[in-house]
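Coordinate analysis (summary)
As a plain string of letters, each chain reads:
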Amino acid sequence: MSEFLEIVNRADAGRVWRVLDKFMDALKEARPDVYNDLVHSLRRK
């Protein structure tokens, strides 16, 4: 298991989603191509 998943498993779910939401907003601004690839990947699975 990755370090990220180990941390997420111990964290409050609401806090995890808030942090990831902020990260995704920043990613969308900084690297829209990467953001779009990730969103596309999540939608098709």
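Residues numbered from 1 in each chain as written. Predicted model: local features only at pLDDT ≥ 70, side-chain atom pairs only at ≥ 80, totals over all residues. Heavy atoms only, no water.

1. Remarks on the packing of helix α2 (residues 13-30) against helix α3 (residues 32-44)
Put simply, the rule reads: Axis lines are fitted to C-alpha atoms, over the contacting stretch for helices. Their N-to-C directions set the angle, which ranges from 0 to 180 degrees. Under the scheme used here, helices are H or I runs from DSSP no shorter than 4 residues and strands are E runs no shorter than 2 residues, and both carry numbers assigned from the N terminus. Angles are sorted into four bins: roughly parallel if under 35 degrees, roughly antiparallel if over 145, roughly perpendicular if 65 to 115, and oblique for all others. We call two residues contacting when some pair of their heavy atoms lies within 4.5 Å. Ten residue types, Ala, Val, Leu, Ile, Met, Phe, Trp, Tyr, Cys and Pro, are classed as nonpolar, four, Asp, Glu, Lys and Arg, as charged, and the remainder, Gly among them, as polar.
The N-to-C vectors of α2 and α3 enclose an angle of 130°; their axes lie 5 Å apart at closest approach. As summarised for this structure, α2 and α3 are arranged oblique, according to the angle between their axes. Taken together, the residues of α3 that come into contact with α2 (itself represented by M24, L27, K28, E29 and A30) are P32, V34, Y35, L38 and V39. Within the contact of α2 with α3, the residues separate by chemical class into eight nonpolar, no polar and two charged.

2. Details of the pattern of salt bridges
Put simply, the test is: Within this document, salt bridges are pairs made up of a side-chain nitrogen of Lys or Arg and a carboxyl oxygen of Asp or Glu, the two lying within 4 Å of each other. The rule is simple: take the accessible area with a 1.4 Å probe, protein chains only, and divide by the maximum for that residue type; under 20% is buried, over 50% is exposed, in between is partly exposed.
Enumeration over the complete set of coordinates arrives at one salt bridge. Notably, a salt bridge pairs R31 with D33, separated by 3.1 Å at the nearest N-O pair. Judged by its relative accessible area of 43%, R31 is partly exposed. D33 gets classed as partly exposed once you look at its relative accessible area, which sits at 41%.

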